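Coordinate analysis (summary)
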Amino acid sequence: MANANTTAKVTDELAEKTQSSLDILTTQLASMWEGMIGLLPSLVIALVVIILTWAISRFAVKIADKTTRSAKMRPSLRELIETLVRIVIWFAGLMIALTIMMPGLTPASLIAGLGFGAVAIGFAFQDIFENFMAGILIMLREKMRIGDFIECEGVEGVVEQIALRETHIRKPNKELTIVPNSILFKNPVKIVTDVQKRRHEVVCGVSYDTDLEQARDVILKAVQSAEHVDVDEGIDIFACEFNSSSVDFRIRGWSGSKPRAMHESRDTVIRSVKRALDDAGIEIPFPYVTHTFKEPVPLKD
C-alpha cells in the first residue's frame, strides 16, 4: 500500500512539472508572438527602406556612369567609382534599416560594433582584403590599362579586365589567367605596350675576311628597305663582338610594341639582310673548326 502511494505521489509531481514547463513554454511563445506582432511595423518600414536603398543605388550608379563617361575616364576607374557609390549607399541604407528594427541600437554603437567586427573579419579574410585594396590602387594609377600586354611573375598576356579582387589576363595562346591583384601590386610588372613603339634587336655575323664598312652599309640599306621598321626613329648598326667564326653586328630598329609586331619586324629584317648580304657576296659564316696538331701527322700513300 505504501509503494502504491509513493508511485502515485511521484506521478503527480511529474505531471505538475510537465504542466509547469508547458505553461512556461506557452507563455514564452505568446511573448515572442506579441513581440513579432509589435515588431511587424518596424519590419515593414525597414523593408521599405531597403527597397528605397536599392532604387537610389541604381539611380546613383547610372548618374555616376554618365558622369565618368563624359569625363572620359578609364573603364577600370569607372567601375571602381560605381562600386564605391553602390557600397556607400547600401551601407547607409542598411544602417538605417537596422536602427528602425532595433530602436535601442544607435548609429554610434552600430559603428563601434562594426569596427570590432571588421578587425575580426580582417584577420579571417586578410588575403581577400589585401587583393581588394590592391585592386583599388591599381585602378587609381594611370599605368596598366585594359588592352595592355604585360609580363609579371611568369604570366604574360593582354589585360582584359581589372576587377576589385583579381585581374584577367589573356595569354597569347588565348588561355585566360586570373591573377590576384596583390601579386600585380607587390611585384614588378613589365608593361610591353605602354608606348606605341619599342626597339627590337637582331644579331648578324659576317666572316673575318669581310670589309666591315661595306658590310655595315649593306646591312643598313637592307634594314631601311624592310617592312614594319620605322626609319624615322633611327636605325643602329653596331659591330659588337669578335665571335668564334664571325664578327657580329647588332641591328637595332623601332617597330610596334605588341609581340606580333616584334615578330613581324624581326622576320622582315632577317630576310632582307640575308638577301642583301647574298647579293653583295658577303658570307654569313657557320661555325668553323680548326684542328692544330703539335706533331706532324703521319700519312700513308
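To keep things clear, this report deals only with the structure shown in the data block.

**Points about the overall build of the chain**
- Scanning the chain from N- to C-terminus turns up seven helices and eight strands.
- Put simply, the chain has 301 residues, and 28% of those count as buried.
- Looking at the chain alone, contacts between residues at least 24 apart form 63% of all its contacts between residues at least 6 apart.
- Summed over its atoms, the accessible surface of the chain is roughly 20700 Å², and 62% of this surface lies on carbon and sulfur atoms.

**Quick word on the side chain of S246**
- On the secondary structure map, S246 appears in the loop between β7 (236-242) and β8 (247-256).
- Residue S246 is classed as buried on the basis of its relative accessible area of 8%.
- Engagement of the side chain of S246 in a polar contact is seen with the side chain of D248, the distance being 2.9 Å.
- Once residues lying within four places of it in the same chain are set aside, the contact partners of S246 are G205, V206, Y208, E241 and P285.

**Some remarks on the sheet that holds β8**
- Taken together, three strands build an open sheet; the order of strands is β6-β8-β7 and the sheet is antiparallel. Here the strands that pair on one side only, and so sit at the sheet edges, are β6 (197-206) and β7. Strand after strand, the sheet turns through a mean of 30° between neighbouring axes, direction not considered.
- As paired strands, β7 and β8 are joined by six bridges and run antiparallel to one another. Residue pairing for β8: F242 is matched across the bridge by V247.
- Helix-sheet contacts for helix α6 (residues 212-224) involve β6, β7 and β8, and the interaxial angle to β8 is about 20°.

**A few points about the environment of D279**
- Examined against the element boundaries, D279 turns out to sit in helix α7 (residues 259-279).
- The exposure class of D279 is exposed, given its relative accessible area of 65%.
- For D279 and V218, which are 61 residues apart along the polypeptide, the C-alpha to C-alpha distance reads 9.6 Å.

**Overview of the side chain of S257**
- By secondary structure assignment, the location of S257 is in the loop between β8 and α7.
- By relative accessible area, S257 is classed as buried at 5%.
- At a separation of 2.8 Å, a polar atom in the side chain of S257 contacts the main-chain carbonyl oxygen of V195.
- Residues contacting S257, with those up to four places away along its chain left out, are V192, T193, V195, Q196, K197 and R198.

**Comments concerning the nonpolar core**
- Among the nonpolar cores identified, the biggest contains 19 residues, and I219, V223, I251, V269, V273 and L277 are the most heavily contacted of them.
- Sort the elements by how many residues they give to this core and α6 lands first, with five residues.
- Residues V159, I162, I169 and L184 belong to the second largest nonpolar core, which totals 13 residues.

**What to know about the pairing of β8**
- Across the 10 residues that make up β8, a large majority, seven, are buried.
- Here β6 runs beside β8; their pairing, made up of 10 bridges, is antiparallel. Considered in β8, the bridge of G205 is made with D248.
- Between β7 and β8, which follow one another and run antiparallel, lie four residues.

**What to know about the sheet that holds strand β5 (residues 190-191)**
- Reading across the sheet, the five strands line up as β4-β3-β2-β1-β5 and stay open at both edges, with antiparallel pairing between neighbours. Sheet topology places β4 (176-180) and β5 at the edges, where each strand pairs with a single neighbour.

**Quick look at a nonpolar patch on the surface**
- Nonpolar side chains collect at one region of the surface, where L40, L43, V44, V48, L52 and I56 lie side by side and expose about 510 Å² of accessible area between them.
- With respect to the helices and strands, the residue I56 is situated in helix α1 (residues 2-70).

What counts as what
- Residues numbered from 1 in each chain as written.
- Predicted model: local features only at pLDDT ≥ 70, side-chain atom pairs only at ≥ 80, totals over all residues.
- Heavy atoms only, no water.
- Helix = DSSP H or I, 4+ residues; strand = E, 2+ residues; numbered from the N terminus.
- Buried < 20%, exposed > 50% of the residue type's maximum accessible area, 1.4 Å probe, protein only.
- Contact = heavy atoms within 4.5 Å.
- Areas by Shrake-Rupley, 256 points an atom, 1.4 Å probe, with all protein chains shown as cover.
- Polar contact = N/O pair within 3.5 Å; in protein donor to acceptor, adjacent residues only side chain to side chain.
- Pairing = 2+ DSSP bridges.
- Axes fitted to C-alpha atoms, helices over the stretch in contact; angles between N-to-C directions.
- Core = buried A, V, L, I, M, F, W, Y, C linked by side-chain atoms within 4.5 Å.
- Patch = residues over 30% accessible without salt bridge, like charges linked within 9 Å, V, L, I, M, F, W, Y side chains within 5 Å.
- Salt bridge = Lys/Arg side-chain N within 4 Å of Asp/Glu carboxyl O.

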